[in-house]
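These are the residues of each chain, in order.
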Amino acid sequence: MGAPETDKLIGPRATTSLVSRAAPLASAARQLQVLERTGVAPFKATLRPAAVEIFQINVGKLCNMTCRHCHVDAGPDRTAEMMSRETVELCLAALDRTAAATVDITGGAPELNPHFRYLVEQCVRRGKRVIDRCNLTVLLTGPCRDLPAWFAERGVEIVCSLPHYRKRNTDLQRGDGTFEKSIEALERLNAVGYGQGNPRLRLTLMHNPAGAYLAGDRASMEREWKQGLKDNYGVSFDALIALNNMPISRFLEWLEASGNLHAYMETLVNAYNPATVAGLMCRNTLSVGWDGRLYDCDFNQMLELDARYADGERAHIRDFDPARLAARSIVTARHCFGCTAGAGSSCGGAIA
Amino acid sequence: MDAYYRPQHLAKFGTIGEGNQKLADKFFDYYAEVFKAGALSAREKALIALAVSHTVQCPYCIDAYSKESLQQGADLEQMTEALHVAAAIRGGASLIHGVQMLEHVHKQVMA
């Protein structure tokens, strides 16, 4: 099975990828320059890795959607960056050399990688908790329509992007029609048992603010979202996590174009919360890129800030060395203020 | 000072303690406690604050609670409805006094 034909990828489009427009911000170096020019002080905390608990694999940048805030610059045109079967095998071999209990599979829309089901199957066989980071609408596309039942059979945890429990902010961020499609996908997940309180069929929604402000009180929002989605659409989920938008890639482009960049960076820095540092995801997560390069987190991956061994060599999955990786320092830059603001932010939600 | 309202003043709210720190501390402690999620959610409190901000016509409050409402998960439609509640009460408060007017008129005009 090859990569899906991208002209058949039906999904909402809020914008187009930076790469497709040959926009200057498609360059990671340019993004780092723009952040430096804001005048915000460098991120100074020195971070050391703890034991790897989460093995995060980004299988590629192909997506059926092009959301306005995407930190990956994913889209239907991003067919070149696709994890190969060989790299998947290297990931599995590396996974076997760690004590990581969780495999977190992301993209793009990870379901569109032709080796996705093989990767999931192999991780499930190893007894890992497997998370699929899903944009919901992909579950309505041809090759993925059977995935809800397929996931349920294997007990895969689904973490879905849904910026709001109402239509307006969802479609503003992710494109017209996203909300209706997302509700339909949630109905399909509910129909096979997801989101009903069964710990084996856990359905988590992920909220990103639809603008230049931070994610609010998670518990309060979770209660309102549960009630709003149940009352208005009859769908349910197990938990809501809230993630701040990182000032990189397409969100950075929007911040600049809307004149919000400086104020947003100030908001992040002023909301710096030292209590978040110990729980930062870069400390217990290892992030693998589509080409096998290793990073401290998915955001560093998009900024091409490779994890480096103590001698400065870039880490790669083909010469995976847990002991050398444990001795590294985590790479930080100004975007890291996005994870330390307020209650903190990680792929697992709030930290503090 | 060349303007009565300056956006920078919002961030300097805490300096109001210069003349009486004890009272300022009491006020800010109370303020922080009021906005904690309780029987009402943080989003509901932010929307109430947004509506009141427009009633008292405080630009600092409108700035702060527009952002806070969004941050706590409200969207533009919900925020606009909150404003209409304020506008309805404000308009209603004028109109209800019309009953007093009616009584004056009925008393002073031949039926």
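Remember, it's a predicted structure, so these values are computed and weren't measured experimentally.

**Considerations on the overall build of chain A**
Helices and strands together make up the secondary structure of chain A, namely 13 helices and eight strands. Here the C-alpha radius of gyration of chain A, 19 Å, is about what a compact globule of 352 residues would show, namely 20 Å. Across the 352 residues of chain A, 51% fall into the buried class. Nonlocal contacts in chain A, meaning residues at least 24 apart in sequence, comprise 76% of its contacts between residues at least 6 apart.

**Here we look at the nonpolar core**
Phe 55, Ile 105, Ile 158 and Cys 160 of chain A are the most contacted members of the largest nonpolar core, which has 105 residues in total. Non-local contacts of Phe 55 of chain A, meaning those with residues more than four positions away in its chain, are made with Leu 95, Thr 98, Ala 100, Thr 102, Val 103 and Leu 286 of chain A.

**Things to note about helix α9 (residues 261–270) of chain A**
All names here are of chain A. Taken residue by residue, α9 has Leu 261, Tyr 264, Met 265 and Leu 268 as its buried positions. Viewed along the axis of α9, the buried residues span an arc of 95°, placing them on a single side of the element. Residues of α9 that are buried make contact with α8 (249–257) and α13 (337–340).

**As for the interface of chain A and chain B**
Tallying the contact residues gives 14 residues for chain A and twelve residues for chain B. The set of elements that each furnish at least two residues to the side of chain A that touches chain B consists of α5 (167–174) and α7 (218–233) of chain A. For the side of chain A that touches chain B, the per-class residue count stands at four nonpolar, five polar and five charged.

**Describing the confidence of the model for chain B**
A residue-level look at chain B finds 100% of positions with pLDDT of 70 or above and a mean pLDDT of 94. Model confidence for the complex is summarised by a pTM of 0.88, with the ipTM given as 0.71.

**Description of the sheet that holds strand β6 (residues 239–242) of chain A**
All names here are of chain A. Strand order across the open sheet formed by eight strands is β6-β5-β4-β3-β2-β1-β7-β8, with mixed pairing between neighbours. The outermost strands of the open sheet, each flanked by one partner alone, are β6 and β8 (294–295). The sheet contacts of α7 involve β5 (203–207) and β6, and relative to β6 the element is tilted by about 135°.

**Observations regarding the pairing of strand β7 (residues 285–288) of chain A**
All names here are of chain A. Across the two faces of β7 the burial is the same, with Thr 285 and Ser 287 and Leu 286 and Val 288 all buried. As judged from the four bridges shared by strand β1 (residues 54–58) and β7, these two strands associate in the parallel manner. Each bridged residue has a counterpart across the sheet, and for Phe 55 the counterpart in β7 is Leu 286. Relative to β8, β7 runs antiparallel, the two being bridged by two bridges. Paired with Ser 287 across the two strands is Tyr 295, which belongs to β8.

**Quick notes on helix α6 (residues 178–191) of chain A**
All names here are of chain A. Across its 14 residues, α6 extends 20 Å between first and last C-alpha, which sits within 8% of the 20 Å expected from 1.5 Å per residue. Looking only at α6, the buried set comprises Thr 178, Phe 179, Lys 181, Ser 182, Ile 183, Ala 185, Leu 186 and Leu 189. Among the structural elements, α4 (147–154), β4 (157–161), α5, β5 and α7 are those in contact with the buried residues of α6. Just beyond α6, the residue with positive phi is Gly 193, at close to 110°.

**Here's the deal with the packing of α5 of chain A against α6 of chain A**
Residue and element names in this part refer to chain A. Between α5 and α6, the least distance of the axes is 8 Å, while the angle of their chain directions is 105°. Taken as axis vectors, α5 and α6 run roughly perpendicular relative to one another. Here Lys 167, Thr 170, Asp 171 and Arg 174 of α5 come into contact with α6, specifically with Thr 178, Phe 179 and Ser 182. Residue composition of the contact of α5 with α6, grouped by class: one nonpolar, three polar and three charged.

**As for unusual backbone geometry**
All names here are of chain A. With an omega of 25°, the peptide bond running from Gly 107 to Gly 108 counts as cis. Its identity is not glycine, yet Asp 73 carries a phi of approximately 60°, on the positive side. By secondary structure assignment, the location of Asp 73 is in the loop between β1 and α2 (85–95). We classify Asp 73 as buried; it has 27 C-beta atoms within 10 Å. Positive phi is not limited to glycine here, since Leu 136 has a value of about 70°. Its place among the elements puts Leu 136 in the loop between β3 (129–134) and α4.

Criteria and thresholds
- Residues numbered from 1 in each chain as written.
- Chains lettered and ligands numbered in written order.
- Predicted model: local features only at pLDDT ≥ 70, side-chain atom pairs only at ≥ 80, totals over all residues.
- Helix = DSSP H or I, 4+ residues; strand = E, 2+ residues; numbered from the N terminus.
- Rg over C-alpha atoms; globule rule 2.2 N^0.38 Å.
- Buried ≥ 20, exposed ≤ 12 C-beta atoms within 10 Å, placed from the backbone.
- Contact = placed C-beta atoms within 7 Å.
- Core = buried A, V, L, I, M, F, W, Y, C linked by C-beta atoms within 7 Å.
- Arc of directions from axis to C-beta.
- Nonpolar A, V, L, I, M, F, W, Y, C, P; charged D, E, K, R; others polar.
- pLDDT = per-residue confidence, 0-100.
- Pairing = 2+ DSSP bridges.
- Axes fitted to C-alpha atoms, helices over the stretch in contact; angles between N-to-C directions.
- Expected span 1.5 Å × (residues − 1).
- Parallel < 35°, antiparallel > 145°, perpendicular 65-115°, else oblique.

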